Amino acid sequence: MGDMNSIGLEKLKTLIEINERINSNYSDVNALLVYILESAMRLVECESSSLLLVNKADNALSFAVALGPKGAEAKSIPVDRKSIAGWVAANNQHVIINDIPKDPRFFSDVQKKTGYVSKTMIAVPMRVKNICIGVIELINKADNRKFDRNDLEILEMLSNQASIAYQNADSYRSAQDKISVLQNNLTSGSGYHTFIAKSSVILDLLHVIEEVAKTNSSVLITGESGVGKELFAEQLHLKSLRNGKPFIRVNCAALSPPLLESELFGHVKGAFTDAFTDRKGRFEVADGGTLFLDEIGEVPLDLQTKLLRVIQSRQFEKVGSSDTITVDVRIVAATNRDLEAMVKERTFRSDLYYRLNVLPINIPPLRERKEDIEPLASFFLKKFGDATKKNFLGFSAAAMRVLYSYYWPGNIRELENSIERACVLGKPPLVQVQDLRISGSEMHVESEGSGIRKAVDEISSAPDGDRSLKTALDRFKKAYIMRILSETSWNQTETGKILGIQRTYVSRLLNELHIRDAK
């Protein structure tokens, strides 16, 4: 009688401790399930135990936890649905078997592969809302004894605790995923940006996007830095049937390769030093929606291989895990780099490039759609005027001329920065030229006629007296190229784009016109 009382007291203490753990930590469900199985083995006095979970898709069973002499080896072995555990899951009923080899449901693969001989077993279903989500097994009662109804009572009680722990952890994970999506929206600009467009070229492009949005094919958005590639990706998502699902953004240039892999695919606890808990990657969070991969040209080659696989098969593994995850995600990638050139240089995989470039969309620079300058500038003026608590009514005529005549090598992003700076430095009611702080803007303020006269006078009054057309053209070329170089901070690639010539030709002109000496 004393032994029964001591068992009852230990059982009570164990239940209290399990309850405390369930209520204090939802994030590490695996550690909690291990503790519950260890408690079951101690109270029932058996050699080994395991917890198998039911896969919702195909009702297959797999080991989540396996404790005992051969637990680590058993965990990697798939379990047949015709096994004892499979029967318990299918019928949602417990079993007590005290002669396992004679039971027709005995699945011998685990025994053959591990060498661990199973003689007696008790197994109970783990239920959530009366649906079996897993099976808990206890194997080989100590001292060759048989399992009985008392053991069943203890195990069913602990199984209920395990179900509660699993349910809480599942709810916690779901909440964390929602928080992750919200945090992603906050860190990437709080939801969607306002789309401003007036030029026919952009309005035509929006019609193309409406058609492209109806498909699930990958899209590659190209264009110079600052043209608004992310906003076009947002429009692709918003005009698609996926618009009720997440739109997840990843800047591939902002993270180191190991962090980028974890960010995209997630990781399991212990995958690396700082991996304290399991974490879903952006592919998993974007399931059903759209994943925007900005600056795709910065992805390292070894990670490109894994990226190609998930685009082809929609499957991947978390960092540190061998479990395959399947997702339904549409990929929209963006870059300001020449991926074709990178393919030739073998710094970007050709097969990945062709997979991404199914539906290419090129965004023209701001200087090629000047009709958008005024509505964009007005939008930014209202935005930053409100932020700085200054009531600007608009731009002076001279300031507007500067906005239209400037080349905007940094495109919309540079325009936005200029208007923000003008709101901080300027005084209402109008933004003036000097408030914009645009390089070379003073030259643009002059009327077109006086500007030409001044340029001709400067060339005509050359100190060497050479007024030939060739010399005049060379001097004009030199002055003009130096000005564009100044605007682009001496970036020869950007200068070539503005001048409409190849970068190699820019380099040749620098030598021919001795511009390097004049820098």
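Above this text sits the structure in question.
Reading the values: the criteria
Residues numbered from 1 in each chain as written. Predicted model: local features only at pLDDT ≥ 70, side-chain atom pairs only at ≥ 80, totals over all residues. Heavy atoms only, no water. Axes fitted to C-alpha atoms, helices over the stretch in contact; angles between N-to-C directions. Helix = DSSP H or I, 4+ residues; strand = E, 2+ residues; numbered from the N terminus. Parallel < 35°, antiparallel > 145°, perpendicular 65-115°, else oblique. Left-handed = near helix turned anticlockwise from the far one by under 90°. Contact = heavy atoms within 4.5 Å. Pairing = 2+ DSSP bridges. Salt bridge = Lys/Arg side-chain N within 4 Å of Asp/Glu carboxyl O. Buried < 20%, exposed > 50% of the residue type's maximum accessible area, 1.4 Å probe, protein only. 1 Å grid on protein atoms, 1.4 Å probe; cavity = no way out; pocket = protein on both sides within 12 Å on 5 of 7 lines; lining within 4 Å. Points joined across faces, edges and corners; volume = space filled by probe spheres on them. Nonpolar A, V, L, I, M, F, W, Y, C, P; charged D, E, K, R; others polar. Phe/Tyr/Trp six-rings, centres within 6.5 Å; stacked < 30°, edge-to-face > 60°. Lys NZ or Arg CZ within 6 Å of the ring centre and 35° of its normal.

Look at helix α20 (residues 469-487) against helix α21 (residues 492-499): their axes get within 9 Å of each other, and the N-to-C directions meet at 125 degrees. Of the possible angle classes, the one that applies to α20 and α21 is oblique. Once α20 is placed against α21, the crossing between them reads as right-handed. Taking contact as the criterion, the partners of Tyr480, Ile481, Ile484 and Leu485 in α20 are, on α21, Thr495, Ile498 and Leu499.

Turning our attention to the sheet that holds strand β14 (residues 359-362). Across the sheet, 5 strands lie side by side as β7-β10-β13-β6-β14; this open sheet has parallel pairing. The sheet is open, and its two borders are formed by β7 (247-251) and β14, each paired with just one other strand. Direction aside, neighbouring strands of the sheet carry axes that sit 20 degrees apart on average. By the bridge criterion, 4 bridges tie strand β6 (residues 219-222) to strand β13 (residues 330-335) in an arrangement that is parallel. The residue bridging isoleucine 221 from the neighbouring strand is alanine 334, located in β13.

Turning next to the pattern of salt bridges. The full count for this structure, using the stated rule, is 21 salt bridges. A salt bridge links arginine 337 to glutamate 298; the shortest N-O distance between them is 3.3 Å. Residue arginine 337 is located in the loop between β13 and α12 (339-344), and its partner glutamate 298 is located in the loop between β10 (290-294) and α11 (301-313); the two are separated by 39 residues in the primary sequence. Judged by its relative accessible area of 35%, arginine 337 is partly exposed. The salt bridge partner of aspartate 372 is arginine 369, with a shortest N-O separation of 3.3 Å. With relative accessibility at 0%, the residue aspartate 372 sits in the buried group. Classification of arginine 369 by relative accessible area gives buried; the value is 2%.

With that settled, the discussion passes to the side chain of serine 39. In this structure, serine 39 sits in helix α2 (residues 29-44). A relative accessible area of 0% means that serine 39 is categorised as buried. Apart from residues no more than four positions distant in its own chain, serine 39 is found in contact with Thr14, Ile18 and Leu158.

Taken as a whole and judged by the stated rule, the model has 2 cavities of 30 Å³ or more. Estimates place the volume of the largest cavity at around 360 Å³. Along the wall of the largest cavity there are 27 residues; nearest its centre are Phe63, Val110, Ser118, Glu137 and Ile139. Put simply, the parts of the chain that give the lining of the largest cavity at least two residues each are β1 (46-54), β2 (61-67), α3 (71-74), α4 (84-91), α5 (109-114) and β5 (131-141). Ranked by residues supplied to the lining of the largest cavity, first place goes to β1 with 4 residues. Residues belonging to the lining of the largest cavity are distributed by class as follows: 15 nonpolar, 9 polar and 3 charged.

Attention now moves to the packing of aromatic side chains. Aromatic ring pairs are defined here through the distance separating the ring centres and the angle between the ring planes. Counted by the stated rule, this structure contains 9 aromatic pairs. Connected via pairs of aromatic rings, a cluster forms that spans Phe265, Phe283 and Phe316. The cationic tip of arginine 105 hangs over the ring face of tryptophan 87; the distance from NZ or CZ to the ring centre is 4.7 Å.

Below, the discussion takes up the sheet that holds β1. By definition, the strands of a sheet pair up through backbone hydrogen bonds, in either a parallel or an antiparallel sense. Pairing in this open sheet of 5 strands is antiparallel, and the strands run β2-β1-β5-β4-β3 from one edge to the other. Two strands bound the open sheet, and with one partner strand each, they are β2 and β3 (95-97). Put simply, the sheet's adjacent strands are angled 20 degrees from each other on average, direction ignored. As defined by bridge partners, β1 adjoins β5 across 7 bridges and the pair is classed as antiparallel. When the bridges of β5 are listed, serine 49 appears paired with leucine 138.

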